[in-house]
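Single-letter residue listing:
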Amino acid sequence: MLDEKSLKEARSLLEGSRRVRALTGAGVSAESGVPTFRGHDGLWKKFRPEELATPEAFARDPKLVWEWYDWRRGLIAKTRPNPGHRALVELEKSVRDFWLITQNVDGLHQLAGSERILPLHGNIWELRCLGCGKSGEDRRAPLPELPPECGECGAMLRPGVVWFGEGLPQETLSKSIEVSGDAELFLAIGTAGAVEPAASMARIAREAGAQVIEINPEESSLSSVADVVLRGKSGEVLPRLLG
Ligand code: NAD
Ligand code: ZN
């Protein structure tokens with residue numbers, strides 16, 4: 001249950017802040033129908049995401065990993081942004097200095113219209129060539145062949161996402177650290193806070209003096225960092241926070 005007192009408190013924090021940052025995770029897209037990794041329906045053919053989203057798994061069996069991505073791309077292609085995504089677009093327009101840091105690779109924030117966005121873990125629609133390095137976006141699903149090949153050089157393409165054990169895109173990471181460090185208000189939304197360095201952004205903000213609001217129906221690793229906790233679904237809580 002969302003308690004009214006916390007909602008009021010969060011509203012007044014939001015009203016008094018010029019530099020607002022939001023960190024989003026898979027939970028924000030759950031109401032659109034995109035499974036989270038830690039939920040039960042995150043499983044595919046009995047594999048755990050941690051066994052598929054790694055450079056080792058891709059080196060061992062690229063076709064298997066691509067089948068999983070093809071399945072996820074097909075699933076995401078059928079989904080639409082939900083009221084939580086749309087509320088974040090509204091927030092971007094109403095706050096003077098806003099940044100959205102996302103761990104999501106589904107592109108739903110971008111589809112909703114978010115522009116000041118830092119996609120820490122890449123984008124599932126991007127295809128990157130392992131041979132010539134060329135990358136491009138392809139929203140078609142399913143792909144014509146698995147694993148897909150580069151039209152330029154014929155080498156194998158990989159999904160433009162960050163796998164477990166890989167480094168994050170350097171510029172996006174630096175910018176995320178920078179904007180977290182000068183936040184006045186930091187919203188941690190729909191993230192378990194289990195993946196680093198994304199989870200640290202909330203801590204960086206907190207240590208720099210920002211107020212932290214968590215929006216999540218469940219307790220998470222970031223709950224202890226939060227000044228205000230809003231227990232509820234982001235698609236329901238965010239519109240109420242703004243409204
Ligand atoms: P996670 O799957 O570990 O955790 C999801 C969190 O969302 C949980 O804390 C859960 O309580 C919460 N949640 C569930 N439903 C919610 C709702 N309606 N509103 C608000 N919160 C809700 O996800 P994570 O922490 O983002 O990390 C997992 C990693 O997996 C990330 O690195 C991300 O790149 C990747 N991933 C991305 C997607 C996507 O792009 N949509 C989906 C699955 C996983
Ligand atoms: Zn190529």
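Up top is the structure.
A short tour of the structure in this document, coming up. What you are looking at is a predicted structure, and each value in this text was computed from that prediction instead of being measured. (Residues numbered from 1 in each chain as written. Chains lettered and ligands numbered in written order. Predicted model: local features only at pLDDT ≥ 70, side-chain atom pairs only at ≥ 80, totals over all residues. Heavy atoms only, no water.)

Looking at the pattern of salt bridges
Piece 1. What the rule picks out here adds up to 14 salt bridges.
Piece 2. Put simply, R206 and D227 hold a salt bridge, and the shortest N to O gap is 3.3 Å. Linking R206 in helix α9 (residues 200-207) with D227 in the loop between β8 (211-215) and β9 (228-230), this pair joins segments that are 21 residues apart in sequence.
Piece 3. On the basis of relative accessible area, R206 is assigned to the partly exposed category, the value being 35%.
Piece 4. By relative accessible area, D227 is classed as partly exposed at 31%.
Piece 5. Sharing partners across several salt bridges, the network here consists of R21, D97, R116 and D182. (Salt bridge = Lys/Arg side-chain N within 4 Å of Asp/Glu carboxyl O. Helix = DSSP H or I, 4+ residues; strand = E, 2+ residues; numbered from the N terminus. Buried < 20%, exposed > 50% of the residue type's maximum accessible area, 1.4 Å probe, protein only.)

Digging into the packing of helix α8 (residues 170-181) against α9
Piece 1. Between α8 and α9, whose axes approach to 7 Å, the crossing angle comes to 35 degrees. Counted together, L173, S176, I177, S180 and G181 of α8 and M201, I204 and A205 of α9 form the full contact between these two elements.
Piece 2. Here the residues of the contact of α8 with α9 are counted per class, giving five nonpolar, three polar and no charged. (Axes fitted to C-alpha atoms, helices over the stretch in contact; angles between N-to-C directions. Contact = heavy atoms within 4.5 Å. Nonpolar A, V, L, I, M, F, W, Y, C, P; charged D, E, K, R; others polar.)

Some remarks on the side chain of S176
Piece 1. Relative to the helices and strands, S176 resides in helix α8.
Piece 2. Within the structure, S176 has its side chain in polar contact with the backbone oxygen of T172 (distance 2.7 Å). (Polar contact = N/O pair within 3.5 Å; in protein donor to acceptor, adjacent residues only side chain to side chain.)

Things to note about the sheet that holds strand β5 (residues 135-137)
Piece 1. In space, the three strands of this open sheet follow the order β5-β4-β6, with antiparallel pairing throughout. Two strands close off the open sheet at either side, each with one partner strand: β5 and β6 (157-161). Mean inter-strand twist for the sheet, computed between neighbouring axes without regard to direction, equals 35 degrees.
Piece 2. The pairing of strand β4 (residues 122-129) with β6 spans four bridges and is antiparallel. Following the sheet pairing, R128 is matched in β6 by R158.
Piece 3. Taken strand by strand, helix α5 (residues 62-77) contacts β4 and β6, and its axis lies near 135 degrees from that of β4. (Pairing = 2+ DSSP bridges.)

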